Structure formats: C-alpha cells, structure tokens
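Listed below are the residues making up each chain.
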Amino acid sequence: MARKCEICGKGTAFGNNVSHAKNRTRRTWFPNLLQMRTKVEGTVKTLKICTRCLKAGKIVKYV
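Now for a description of the structure that goes with this document. (Residues numbered from 1 in each chain as written. Predicted model: local features only at pLDDT ≥ 70, side-chain atom pairs only at ≥ 80, totals over all residues. Heavy atoms only, no water.)

## Some remarks on the environment of glutamate 6
For glutamate 6, the location among the structural elements is in the segment before strand E1 (13-18). The partly exposed category is assigned to glutamate 6, whose relative accessible area is 43%. Taking the C-alpha atoms as reference points, glutamate 6 and lysine 61, separated by 55 residues in sequence, lie 14 Å from one another. Ignoring anything within four residues of it in the chain, the contact list for glutamate 6 reads Leu47 and Lys48. (Helix = DSSP H or I, 4+ residues; strand = E, 2+ residues; numbered from the N terminus. Buried < 20%, exposed > 50% of the residue type's maximum accessible area, 1.4 Å probe, protein only. Contact = heavy atoms within 4.5 Å.)

## Re the pairing of strand E3 (residues 33-40)
For a regular strand, side chains alternate in direction, first toward one face of the sheet and then toward the other. For E3 and strand E4 (residues 43-50), the ladder comprises eight bridges, and the chain directions are antiparallel. Within E4, the position partnered with valine 40 by the bridge is threonine 43. (Pairing = 2+ DSSP bridges.)

## Observations regarding the pattern of salt bridges
Taken as a whole and judged by the stated rule, the model has one salt bridge. Note that glutamate 6 and lysine 48 form a salt bridge whose closest N and O atoms lie 3.7 Å from each other. Residue glutamate 6 is located in the segment before E1, and its partner lysine 48 is located in strand E4; the two are separated by 42 residues in the primary sequence. Given a relative accessible area of 16%, lysine 48 falls into the buried group. (Salt bridge = Lys/Arg side-chain N within 4 Å of Asp/Glu carboxyl O.)

## Some words on the state of the cysteines
Enumeration according to the criterion identifies zero disulfides in this entry. Free of any disulfide, cysteine 5 has its nearest cysteine sulfur in cysteine 8, 3.6 Å distant. Cysteine 53 supplies the cysteine sulfur nearest to cysteine 50, a cysteine that is in no disulfide, at a spacing of 3.5 Å. (Disulfide = S-S within 2.5 Å.)

What follows is the structure, encoded as structure tokens:
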C-alpha cells in the first residue's frame, strides 16, 4: 500500500529526532490516511485519502 493521498498527493515526510543532547536519528512521519468508498464519474471506487481532504470536502463519501 502506497502511503500517499490520491487527491492531494500528501506522502511520507522524513526528518530527524533530536534528543536533549542534540543527537540526531532519522525518522519518518506518515500521513493520516483513510480508505474511503467514493463515487467517481458514476462508478464506486475505494480511494486512500488524507483526513485533511475529507474535512475540506474534496471528496464525498459513498454510503
């Protein structure tokens, strides 16, 4: 499963954990993705979308 929003393209971000002693170790941040059933061009599809797109109303849930 690709960790990427199919609407806005938000994906995995990379960076560093920084300790109090300023030691740096690599880490990743994953987007908050949901699998939603949506109606796209008259057909029902399951898309991986981020919660920001869902809250913004960029997609309509198919019930």
